[in-house]
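So you can see what is in the structure, the chains are spelled out below.
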Amino acid sequence: SQTIHQWPATLVQPVGSPLSLECTVEGTSNPNLYWYRQAAGRGLQLLFYSVGIGQISSEVPQNLSASRPQDRQFILSSKKLLLSDSGFYLCAWSAYGDGGYTFGSGTRLTVV
Amino acid sequence: SQQGEEDPQALSIQEGENATMNCSYKTSINNLQWYRQNSGRGLVHLILIRSNEREKHSGRLRVTLDTSKKSSSLLITASRAADTASYFCAPPAGEKLTFGTGTRLTIIP
């Protein structure tokens, strides 16, 4: 069966520090991968998505970047965090086509 | 741009009652999906309804889709305390799903 792993669950980082959040998927190949951010009490904002290794689409200009070094690995990074980067980050995958998304359990990032 | 908008923003009902949430979207779709999010957790896929379907059931969930009005509704029957969560509709935009701010449903025991 397919599973998605996202870590860490919580993270407190100082302003200006780097960030690396990792997401891996098991039990499937060539998934579409997504990074979303959710501010407190708000909807989900799509940050990046990838339909294949090395293929990254950015949805909004920001302080973040994404990479897909392997088929089932999706990494969200920042060189220098800003206070506004605080939020709940969710990774998700879907099979090619119009199927449902499976979300990870999320990372709560607080930038202080 | 495509985005689902849920209505109402918040809903409180007594346990055992039915809960109805509505969704509107902007552009034509092949399908529409509904998700649930418990507080502080990831989203869980509930149901997908295709554009050629008008109604779909899954357990206590009933989803309708009216493509002419670009709207959908989610009905939860015989609500339970465990149904307390935020509910999102998600119309696709190409390879992506877009989400609104959701309906916050509270079931009062």
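For the structure itself, consult the block above.
Small disclaimer: the values here were computed from a predicted structure and weren't measured.

**Things to note about the overall build of chain B**
No. 1: A count of helices and strands for chain B gives zero helices and 12 strands.
No. 2: Walking chain B from its N terminus toward its C terminus, one meets helices and strands in the order β-β-β-β-β-β-β-β-β-β-β-β.
No. 3: On C-alpha atoms alone, chain B measures out to a radius of gyration of 13 Å, which is about the 13 Å that the 2.2 N^0.38 rule sets for 109 residues.
No. 4: In terms of overall dimensions, chain B has a C-alpha envelope of 40 × 25 × 20 Å along the principal axes.
No. 5: Residue burial in chain B is summarised as follows: out of 109 residues, 46% are buried.
No. 6: Intrachain contacts of chain B at a sequence separation of at least 6 include 53% that bridge at least 24 residues.
No. 7: Separation of charge centres in chain B, based on 13 positive and 10 negative side chains, amounts to 4 Å.

**Side note on the pairing of strand β1 (residues 3-7) of chain A**
Residue and element names in this part refer to chain A.
No. 1: The alternating pattern of β1 places Ile4 and Gln6 on a buried face and Thr3, His5 and Trp7 on a face that is not buried.
No. 2: Summarising the sheet, β1 and strand β3 (residues 19-26) pair through five bridges and their orientation is antiparallel. Counterpart to Ile4 in the pairing with β3 is Val25.

**Side note on the interface of chain B and chain A**
No. 1: Chain B puts 18 residues into the contact, and the matching count from chain A is 22 residues.
No. 2: When chain B packs against chain A, close to 1500 Å² is buried across both sides, 52% of that on carbon and sulfur atoms.
No. 3: Interface area lost by chain B to chain A is led by Glu95(B), Lys96(B) and Phe99(B), which between them contribute 36%.
No. 4: Measuring nitrogen to oxygen at the nearest pair gives 3.3 Å for the salt bridge that ties Glu59(A) to Lys96(B).
No. 5: At the boundary of chain B with chain A, the tally comes to five residue pairs in polar contact (both at pLDDT 80 or more).
No. 6: When residues of the side of chain B that touches chain A are traced back to their parent elements, those giving at least two are β4 (31-37), β5 (43-50) and β11 (96-97) of chain B.
No. 7: Looking at the side of chain B that touches chain A residue by residue, the classes come out as six nonpolar, eight polar and four charged.

**Structural notes on the layout of surface pockets**
No. 1: If you add up the space inside the largest pocket, you get close to 410 Å³.
No. 2: Lining of the largest pocket is provided by 22 residues; of these, Leu44(A), Gln45(A), Leu46(A), Gln3(B) and Phe99(B) occupy positions nearest its centre.
No. 3: Of the residues belonging to the lining of the largest pocket, the class tally is eight nonpolar, 10 polar and four charged.
No. 4: Its volume calculated, the second largest pocket comes out at about 280 Å³.
No. 5: Going through the elements one at a time, β9 (85-90) and β12 (103-108) of chain B are the ones with two or more residues in the lining of the second largest pocket.
No. 6: When the residues that make up the lining of the second largest pocket are grouped by side-chain class, the tally is four nonpolar, 11 polar and three charged.

**Observations regarding the side chain of Gln33(B)**
All names here are of chain B.
No. 1: Mapping Gln33 onto the fold places it in strand β4.
No. 2: A residue is classified by how much of its surface remains accessible, and Gln33, at 2% relative accessible area, is buried.
No. 3: Among the polar contacts made by the side chain of Gln33, one reaches the side chain of Asn31 at a distance of 3.3 Å.
No. 4: A polar contact of 2.5 Å, which involves the side chain of Gln33, links it to the side chain of Tyr35.

Reading guide: rules and limits
Residues numbered from 1 in each chain as written. Chains lettered and ligands numbered in written order. Predicted model: local features only at pLDDT ≥ 70, side-chain atom pairs only at ≥ 80, totals over all residues. Heavy atoms only, no water. Helix = DSSP H or I, 4+ residues; strand = E, 2+ residues; numbered from the N terminus. Rg over C-alpha atoms; globule rule 2.2 N^0.38 Å. Buried < 20%, exposed > 50% of the residue type's maximum accessible area, 1.4 Å probe, protein only. Contact = heavy atoms within 4.5 Å. Lys, Arg positive; Asp, Glu negative; His and termini not counted. Charge placed at Lys NZ, Arg CZ, Asp CG, Glu CD. Pairing = 2+ DSSP bridges. Buried area = accessible area lost by both parts, 1.4 Å probe. Salt bridge = Lys/Arg side-chain N within 4 Å of Asp/Glu carboxyl O. Polar contact = N/O pair within 3.5 Å; in protein donor to acceptor, adjacent residues only side chain to side chain. Nonpolar A, V, L, I, M, F, W, Y, C, P; charged D, E, K, R; others polar. 1 Å grid on protein atoms, 1.4 Å probe; cavity = no way out; pocket = protein on both sides within 12 Å on 5 of 7 lines; lining within 4 Å. Points joined across faces, edges and corners; volume = space filled by probe spheres on them.

That's the geometry; what it means functionally is another story.
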